[in-house]
Amino acid sequence: DDDIFSSAFCENSEKLINVHLFALAAKYYSLSNLGVCTPLEDVLEALKGDNEGATGIKPDEFMNNKKSHEVQVMSELVDSIANYCGIRQVIDIGSGKGYLSSFLSMQYNLKVYGIDSSSSNTNGAHERNRKLKKHWRAYQSRGKESLKRQSLEKANDRPVERELNCKTINEELLNNANSFQNKGQVIVQDLVPSCGFTEMSALETNTETEAGLVSGTQSHETKLSEEVLAVLNVLPVDAVEDFSSSHCNCGELCEEEKVQRKMTSLKTKARKSSESNLYLPLTSCITAETELSDIITDLEDCVMVGLHTCGDLAANTLRIFTAKPEIKAVCSVGCCYHLLSEQFENQEECHDQVWGFPMCQYLKDKGWCCGRNARMSACLALERVAVGQMLPTESLFYRAVLQVIIEEIYGVTKSDRHVGKTFSKSSSFIDYVRRSLKKLELDDSKLPDSCIMDYYEKYKHRMNELEAFNMLKVVLAPCIEVLILLDRLCYLKEQENIAWSGLVKLFDPVKSPRCYAVIALKNQSCS
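Residues numbered from 1 in each chain as written. Predicted model: local features only at pLDDT ≥ 70, side-chain atom pairs only at ≥ 80, totals over all residues. Heavy atoms only, no water.

The chain goes by MET25 protein in an unreviewed UniProt entry, where it is assigned to Rhodinocichla rosea.

Rendered as structure tokens:
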């Protein structure tokens, strides 16, 4: 109840007088308590239908624990969205070092364009992707020997099935494609009975069975060929040899069949060539007005994703999604709320600017403003503090006293420069202050060590007070994050071409504090 929670503050002075009530109010208005999120399990169930997800290589083999967790969860969701929409192209906005993009391309065989404004990120992503491909091939080759061994055993011990229909082939192709990716081994005959695998013994088929199979599969020839090629692409390179779309024995081939085999071989090589570069990092600064077709020449129906897109980039991702007909779905996890631009933060009128907050018409009509301090608080991690990962009180104290020094000694109240991670490199408070002043391009020669330590001693007794203040900010953080995320969701709800939109908790908030994704799918009829 708003009236009950309001009594946490003094009516006259507006000071906080009831910390317990304040904490209860913050919990009440947190995203987890409001009941507006859609469970991830429900989303995956609705998207997948009867399909089974791939559970192949674990990304923690080449990523840290946090990134591995994020990439594994989000990539499964993105693949499910792509399958549901019937599309294979993904655009990763703010792709950074390319971890998500690389994994989507290698694990799920999606064609991914990773766009980042930093050329050093995209250049590094190129090199990292090259190394990941080596890792991936090595992982796949582990199953090579068992694949050969099992293929030979099955070819010798079990006769080929006499009757097959297209429905069975299609189902087995799709199911075993996942098995290839997951385990690197398969019973070859169960997959494609007559596709010329090198380790298979000569197939014994009578003319009647062969003719029935050919006539039964003729109408599905193109689809089957594409599915088989997709399966073969997962196998180690030397595990298969070229096959013909016509099902014939190993006798002498007529000219037409030779040409067919040659064309199929060329198509296979072309497909492998095009798919060998399924992830392409691109350097470009993305804004709400960005024309994707200027960046991606073969833009087609696609899913747009963003894993921890900073500041306004998360908002612009949603704007691009709603504006571009080629983008059929979006999955965006934002971060760095302190970098958001706010329409009503400053008094100056900038009619042409596109702001990061607010997005929805409701908050715009209210003229709502968070302010930088509130947005900074939204970046804090309550769940981490709750499990004992306490705030860095000493470094926060150093930074607070430094602020007093530069205001009183240098008269500086605002600067475009940043101190950064100076605390971790400093041996003492004096060292910290001098390093920081150099970064801020302020002359530290006029500030003796004794003066620096005087400031330290003057405020040392307030360190506990600072810690308590920051703990209150941590408690309030989820409420401010709710406001920003609901603003984005409401913006999507205001659009006419959206079939479904929601907030989904993707990650463990202890591992990854910015754990909520904004997801939306357009109406199927939208073009």
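Draft legend 1. Spotlight on helix H15 (residues 312-323). Here H15 spans 16 Å end to end across twelve residues, near enough to the 16 Å set by a 1.5 Å rise per residue. The element H15 is largely enclosed, with a buried count of ten among its twelve residues. Within the span of H15, buried status applies to Leu-313, Ala-314, Ala-315, Asn-316, Thr-317, Leu-318, Arg-319, Ile-320, Phe-321 and Thr-322. (Helix = DSSP H or I, 4+ residues; strand = E, 2+ residues; numbered from the N terminus. Expected span 1.5 Å × (residues − 1). Buried < 20%, exposed > 50% of the residue type's maximum accessible area, 1.4 Å probe, protein only.)

Draft legend 2. Structural context of the pattern of salt bridges. Using the criterion set out here, one finds 15 salt bridges in the structure. With a shortest N-O distance of 3.1 Å, Arg-435 and Asp-431 are connected by a salt bridge. Of this pair, Arg-435 and Asp-431 both sit in helix H20 (residues 429-439), four residues apart, which is roughly one turn of that helix. You can call Arg-435 partly exposed: its relative accessible area is 36%. Using a relative accessible area of 21% as the deciding quantity, one classes Asp-431 as partly exposed. (Salt bridge = Lys/Arg side-chain N within 4 Å of Asp/Glu carboxyl O.)

Draft legend 3. Representation of the sheet that holds strand S2 (residues 111-116) in the model. The strand order S3-S2-S1-S4-S5-S7-S6 describes an open sheet built from seven strands, whose pairing is mixed. Of all strands in the sheet, those with a lone pairing partner are strand S3 (279-283) and strand S6 (498-505), marking the two edges. Neighbour-to-neighbour, the strand axes of this sheet turn through a mean angle of 15°, independent of strand direction. Across eight bridges, strand S4 (residues 302-310) lies against strand S5 (residues 327-335) in parallel orientation. (Pairing = 2+ DSSP bridges. Axes fitted to C-alpha atoms, helices over the stretch in contact; angles between N-to-C directions.)

Draft legend 4. Up close: helix H5 (residues 65-85). The terminal C-alpha atoms of H5 lie 30 Å apart, and with 21 residues this matches the ideal 30 Å at 1.5 Å per residue to within 8%. Put simply, Asn-64 is the residue that caps the front of H5, since its side-chain oxygen is 3.2 Å from the backbone nitrogen of Lys-66. Following H5 by one or two positions, Gly-86 adopts a phi angle in the positive range, close to 70°. (Polar contact = N/O pair within 3.5 Å; in protein donor to acceptor, adjacent residues only side chain to side chain.)

Draft legend 5. Structural view of the nonpolar core. Ranked by size, the top nonpolar core spans 73 residues in total, and within it Met-74, Leu-77, Ile-81, Cys-331 and Leu-506 carry the most contacts. Examining the composition of this core, we find that eight residues originate from one element, H5, more than from any other. For Leu-506, the residues in contact, after removing those within four places along its chain, are Leu-40, Val-73, Met-74, Leu-77, Cys-331, Val-333, Cys-515 and Ala-517. (Core = buried A, V, L, I, M, F, W, Y, C linked by side-chain atoms within 4.5 Å. Contact = heavy atoms within 4.5 Å.)

Draft legend 6. Looking closely at unusual backbone geometry. That bond from Phe-357 to Pro-358 is cis: its omega, -5°, falls within 30 degrees of zero. With respect to the helices and strands, Pro-358 occurs in the loop between S5 and helix H16 (361-366).

Draft legend 7. Here's a closer look at the side chain of Glu-342. When you line up the elements, Glu-342 lands in the loop between S5 and H16. One polar contact links Glu-342 to Arg-375, side chain to side chain, over a distance of 2.5 Å. Once you skip the residues sitting within four places of it in the chain, Glu-342 turns out to touch Trp-355, Phe-357, Trp-368, Cys-369, Cys-370, Gly-371, Arg-372 and Arg-375.

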